[in-house]
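# What the coordinates show
Take a look at the letters that make up each chain.
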Amino acid sequence: MTVIEVEDLHKAYGHNRAVDGVSFTVAKGETFGVLGHNGAGKTTTVECLSGLRRPDSGTVRVFDQDPARRRRALAQRLGVQLQEGELPDRLKVAEAMRLFAALYDRPDDWRAVLQRWDLGPIAAKAYGDLSGGQKQRLKLALALVGGPELVVLDELTTGLDPVARRETWTLIGDLKAAGTTVVLVSHYMDEAEELCDRVAVFRKGRIVALGSPRELTGRTGTDSLENAYLALAEEGR
Ligand SMILES: Nc1ncnc2c1ncn2[C@@H]1O[C@H](COP(=O)(O)OP(=O)(O)OP(=O)(O)O)[C@@H](O)[C@H]1O
């Protein structure tokens, strides 16, 4: 079953063509990586998937619906961890979890999600007093508290220490095992190689390579996704 269908997506900010004719599909249960340099159009693309931005042209279908028109209905099935989702400084961790859980018709038990993400010990802390890594973990937990079928994670482990990164990978593995579809925007090639079934490499608003990490390393004659990515980046110069 196809969960996401994007066909010839265009989105410009003034004269800046941030997304310039992007097409891809994501199947149910797949973990799909969105890779590319800064400013390549990754966030704009996933914002169009989440209904946060309206495309200029092209088709975006998520669960066979237009996210720009059906945002409320899709929100029940979608968990989004965005790069810049700040919360009020005085909001406590447990309050944030309870508040987000209340937005869903059938949320997971927020206390269990809190424990799973190791946020129990800081449940009474205010958002403004958390470390960068703790904020990141809370944003992830908030994206998952609704028990979503599709999760969009923008820079999943940015700001996490190596131990927390690995723990997060394990938790994403659990999501995959449960059949959740994951879209993962990342600058970390080791992470994409470990977690993603397929990746799309974005450059200047277009997809320049799409395939499994193994296909991309095979195509470029390299031994890791990181080296494949660098070879592809070199090709585009
Ligand atoms: N709200 C906005 N208004 C104007 N220009 C924007 C806006 N958001 C993004 N852009 C521009 O659109 C282009 C694509 O940005 P986008 O954030 O989608 O890229 P990205 O691949 O996610 O980058 P990064 O890896 O740095 O997060 C960039 O040139 C960026 O400056």
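As a reminder, the structure under discussion sits directly above these lines.
The rules behind these values
- Residues numbered from 1 in each chain as written.
- Predicted model: local features only at pLDDT ≥ 70, side-chain atom pairs only at ≥ 80, totals over all residues.
- Heavy atoms only, no water.
- Phe/Tyr/Trp six-rings, centres within 6.5 Å; stacked < 30°, edge-to-face > 60°.
- Buried < 20%, exposed > 50% of the residue type's maximum accessible area, 1.4 Å probe, protein only.
- Lys NZ or Arg CZ within 6 Å of the ring centre and 35° of its normal.
- Helix = DSSP H or I, 4+ residues; strand = E, 2+ residues; numbered from the N terminus.
- Pairing = 2+ DSSP bridges.
- Axes fitted to C-alpha atoms, helices over the stretch in contact; angles between N-to-C directions.
- Contact = heavy atoms within 4.5 Å.
- Core = buried A, V, L, I, M, F, W, Y, C linked by side-chain atoms within 4.5 Å.
- Near = heavy atom within 4 Å.
- Polar contact = N/O pair within 3.5 Å; in protein donor to acceptor, adjacent residues only side chain to side chain.
- Areas by Shrake-Rupley, 256 points an atom, 1.4 Å probe, with all protein chains shown as cover.
- Nonpolar A, V, L, I, M, F, W, Y, C, P; charged D, E, K, R; others polar.
- Right-handed = clockwise from strand over helix to strand, strands pointing away.
- Salt bridge = Lys/Arg side-chain N within 4 Å of Asp/Glu carboxyl O.

## With respect to the packing of aromatic side chains
For the coordinates displayed, the defined rule picks out 1 aromatic pair. Arranged with centres 5.0 Å apart and planes meeting at 10°, the rings of F24 and F32 form a pair that is stacked. There is no split in this pair, since F24 and F32 are both buried. For the cation-ring pair, R77 lies above F63, with the distance from its terminal atom to the ring centre recorded as 3.8 Å.

## Here we look at the side chain of T217
Mapped onto the elements of the fold, T217 is located in helix α8 (residues 213-220). Owing to a relative accessible area of 11%, T217 belongs among the buried residues under this scheme.

## A look at the sheet that holds strand β7 (residues 181-185)
Across the sheet, which stays open at both edges, the 6 strands sit in the order β5-β6-β7-β3-β8-β9 with mixed pairing between neighbours. Here the strands that pair on one side only, and so sit at the sheet edges, are β5 (78-81) and β9 (206-211). Each neighbouring strand pair of the sheet contributes to a mean axis angle of 15°, computed without reference to strand direction. The sheet contact formed by β5 and strand β6 (residues 150-154) spans 4 bridges and is parallel. Across the sheet, L78 pairs through a bridge with L150, a residue of β6. Packing of α8 onto the sheet brings it into contact with β8 (198-203) and β9, and relative to β9 it is tilted by some 105°.

## Here's the deal with the nonpolar core
Counting 45 residues, the largest nonpolar core has M97, W117, L119, L138, L153 and L216 as the members making the most contacts within it. Among the nonpolar cores identified, the runner-up in size contains 25 residues, and V3, L9, V22 and F63 belong to it.

## Here we look at the sheet that holds strand β1 (residues 2-13)
Across the sheet, which stays open at both edges, the 3 strands sit in the order β2-β1-β4 with antiparallel pairing between neighbours. Sheet topology places β2 (16-27) and β4 (57-62) at the edges, where each strand pairs with a single neighbour. Pairs of neighbouring strands in the sheet enclose a mean axial angle of 15°, with direction left out of account. By the bridge criterion, 9 bridges tie β1 to β2 in an arrangement that is antiparallel. Counterpart to E5 in the pairing with β2 is T25.

## A closer look at the site of the ligand
Of all residues adjacent to the ligand, which total 14 residues, the nearest are N38, G39, K42, T43 and T44. Here an oxygen atom of the ligand sits 2.8 Å away from a polar atom, N or O, in the side chain of T43. T44 has a polar side-chain atom sitting 2.6 Å from an oxygen atom of the ligand. Starting from 630 Å² of accessible surface for the ligand in isolation, the protein chains cover 64%. If you tally residues by element for the shell around the ligand, the top one is helix α1 (residues 42-49), at 3 residues. Of the residues belonging to the shell around the ligand, the class tally is 3 nonpolar, 9 polar and 2 charged.

## Remarks on the environment of A141
If you trace the backbone, A141 turns up in helix α5 (residues 132-144). Expressed as a C-alpha distance, the spacing of A141 and D190, which sit 49 residues apart in the sequence, is 22 Å.

## Describing the pairing of β6
In terms of burial, β6 is a largely internal element, 5 of the 5 residues being buried. Where β6 and β7 come together, 5 bridges link them in parallel fashion. When the bridges of β7 are listed, D154 appears paired with V185. For the crossover from β6 across helix α6 (residues 162-177) to β7, the handedness is right-handed.

## Overview of the pattern of salt bridges
With the rule as written, the count across this model stands at 10 salt bridges. As a salt-bridge pair, D66 and R69 come within 3.3 Å of each other at their nearest N and O atoms. Judged by its relative accessible area of 22%, D66 is partly exposed. The residue K176 makes a salt bridge to D197 at a minimum N-O spacing of 3.6 Å. Of this pair, K176 sits in helix α6 while D197 sits in the loop between α7 (189-195) and β8; the two residues are 21 residues apart in sequence, bridging distant segments of the chain.

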